[in-house]
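A closer look at the structure
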Amino acid sequence: MNTLNKLAAASVAGVIALSSAGWAEMVAPADVAFDEDGAVAMSLTGKAGDAAMGAKIAGSKKIGNCVACHQIGALADIPFQGEIGPALDGAADRWSEAELRGILANSKMTFEGTMMPAYYKVDGFLRPGNGYTGKAAGGPLDPLLSGEQIEDVIAFLSTLKDE
Amino acid sequence: MNIKAMTAVAVVLLAPTFAYADADDDTMVLNEDISMVTKTAAPAHLSDALDEVMSGWHFRSDETQAMQLDDFDNPGMIFVEKGMETWAKVDGSEGKSCQSCHDDIDSMAGVKATYPKWNEAAGEVRTLQMQMNDCRENQMGAKAWGYDKGAAINMEAALSSVSRGMPVNVATDGPAQSTWEMGKELYYARTGQLELSCANCHEDSYGLMIRADHLSQGQINGFPTYRLKNAKLNGVHSRFKGCVRDTRAETYKPGSKEFVALEMYVASRGNGLSVEGPSVRN
């Protein structure tokens, strides 16, 4: 299929998904369009995320676990924040929403070779496992976060401004 | 509370994290007698990546560190004693113990420091556990011990304990080189859905906190390690397995050729550090 056809098919699929269930994700991991700097302009769900939910996802060990590597002053009640990546305070002053989306979907498109995992990617892994069981993945992988969760985290990060 | 006040609280809460972020400068003297090398110049093969290699001991709390300084406080020594009893115990169809062929276990001083190593007759790189099992099966007529299982770990700890203070000295050249290269490749391979390599955590990020964990260089001169977390001795391959699992990857098995190669490579990254096993970790 050439690129134009692919795009047309994807957008048709998107429209169908949207009409059959309003909350369905419009952009599948394989269809995320990164620009040359790694930013992603279009919302993955076609709507804005929920910042309060995003804060929960970023701080939860079981979900986003961003604090494993980043300190986030706004989440000061969460103990043991890591220091592998930069503190995220003021992230919204440094990055646009599209840039944040790109960093979350696949940070390697913004920071070459970065240690930060790609949260919206489902293939191209070496020995992918079944979660944290140590066993081989049983079938197709889910992304680390859903499109909706990513939009929520972006909404939260967009509140992190240094006055 | 306004935003400014909240930020001030955050800074206070996070302050202790920074305070102990780096490797400390403590010195290790074992049983008030043996001066241990816990930091030294990186071996030549590693000089592009690291200036200095450091024992994981430097990254642990003062309380955990102290437990390793005296054999009476080191819970790992109970397992060493069990291993030493087994050393002298006859097992298998040939009516022999380890001691029948090797004399006192003290005669093994220095052996642990050179493993994994090439075995010419077998034409393979062997870990200490593989060598132990070869003796059991082919000299004693006894059953092989399960890899990283209690009996094997106890004996590995006993053999390590009599080498404490001697420098790790794993050969990386000659016929072992291809195994070593394979281990190196595994060390830098970014595995699992998190796409993390050993090097991401233990070469690029040691000294930093990853959530509640203070990352060390992931050296294995202290193995087997007694971990407070599970209150037993832990083998090298079991630790590797846990770390690989944490990248959301399919792990290799303890005793697999991949982990043998990885052990050889990681051991050689600690060349020059003192043998410390059994060490104490959290």
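On a predicted model such as this, the values are computed, not experimentally measured, just so you know. The residue numbering used here restarts from 1 in each chain and proceeds along that chain's sequence as written. Written order decides the labels, with chains lettered from A and ligands numbered from 1. Residues qualify for local features only when their pLDDT is at least 70, as the model is predicted, and side-chain atom pairs are given and counted only at 80 or more; totals for whole chains, interfaces and linings, by contrast, use all residues. The basis for the side-chain values is all heavy atoms of the structure; hydrogens and waters are excluded.

Contact with chain B, which involves 32 residues of that partner, is made by 40 residues of chain A. Buried surface at the junction of chain B and chain A, summed over both partners, amounts to about 3,100 Å²; 55% is from carbon and sulfur atoms. A salt bridge links Lys121(A) to Glu195(B); its shortest N-O distance comes to 2.9 Å. Residues adjacent in sequence count toward polar contacts only when both atoms are side-chain atoms; beyond that, a polar contact is any pair of N or O atoms within 3.5 Å, and within protein one must be able to donate a hydrogen and the other to accept it. Connecting chain B to chain A are 12 residue pairs in polar contact (both at pLDDT 80 or more). Amino acid classes used here: Ala, Val, Leu, Ile, Met, Phe, Trp, Tyr, Cys and Pro are nonpolar; Asp, Glu, Lys and Arg are charged; the rest, including Gly, are polar. Class assignment for the residues of the side of chain B that touches chain A results in 16 nonpolar, eight polar and eight charged. We call two residues in contact when some of their heavy atoms are within 4.5 Å. Defined in terms of a 1.4 Å probe, buried area is the accessible area two parts forfeit on being brought together, summed over both. Salt-bridge detection follows one rule: a side-chain nitrogen of Lys or Arg within 4 Å of a carboxyl oxygen of Asp or Glu.

Like-charged residues are merged into a patch within 9 Å and nonpolar side chains (Val, Leu, Ile, Met, Phe, Trp, Tyr) within 5 Å, provided each residue has over 30% relative accessible area and no salt bridge. The Shrake-Rupley method, run with a 1.4 Å probe sphere, supplies the accessible areas, and residue values consider only the shown protein chains as cover. Counting rule applied: Lys, Arg positive; Asp, Glu negative; His and chain ends not counted. Charge positions are represented by NZ for Lys, CZ for Arg, CG for Asp and CD for Glu. A cluster of like positive charges, contributed by Lys135(A), Lys149(B), Lys232(B), Lys241(B) and Lys253(B), occupies part of the molecular surface. Counting from the N terminus, the helices are DSSP H or I runs at least four residues long and the strands are E runs at least two residues long. Note on placement: Lys149(B) falls in the loop between helix H5 (128–140) and helix H6 (150–161).

Let us look at the packing of helix H2 (residues 51–59) of chain A against helix H5 (residues 147–157) of chain A. Residue and element names in this part refer to chain A. The angle between two axes is taken between their N-to-C directions and runs from 0 to 180 degrees, where each axis is a line fitted to C-alpha atoms and a helix contributes only its stretch in contact. Across the interface, H2 lies against H5 with an axial gap of 7 Å and an inter-helix angle of 100°. Compared by their axis directions, H2 and H5 come out roughly perpendicular. The segment H2 lies against H5, with Ala51, Met53, Gly54, Ala55, Ile57 and Ala58 engaging Gln149, Asp152, Val153, Ala155 and Phe156. Class assignment for the residues of the contact of H2 with H5 results in eight nonpolar, two polar and one charged. Roughly parallel here means an angle under 35 degrees, roughly antiparallel means over 145, roughly perpendicular means 65 to 115, and every remaining angle is called oblique.

A separate point is the environment of Arg101(A). Residue and element names in this part refer to chain A. Inspection of the secondary structure assignment puts Arg101 in helix H4 (residues 97–106). In this structure, the C-alpha to C-alpha distance between Arg101 and Thr45, residues 56 residues apart in sequence, is 12 Å. Beyond its immediate sequence surroundings of up to four residues, Arg101 is in contact with Val40, Ala41, Met42, Ser43, Leu44, Glu151 and Ile154. One polar contact links the side chain of Arg101 to the main-chain carbonyl oxygen of Ala41, over a distance of 3.0 Å.

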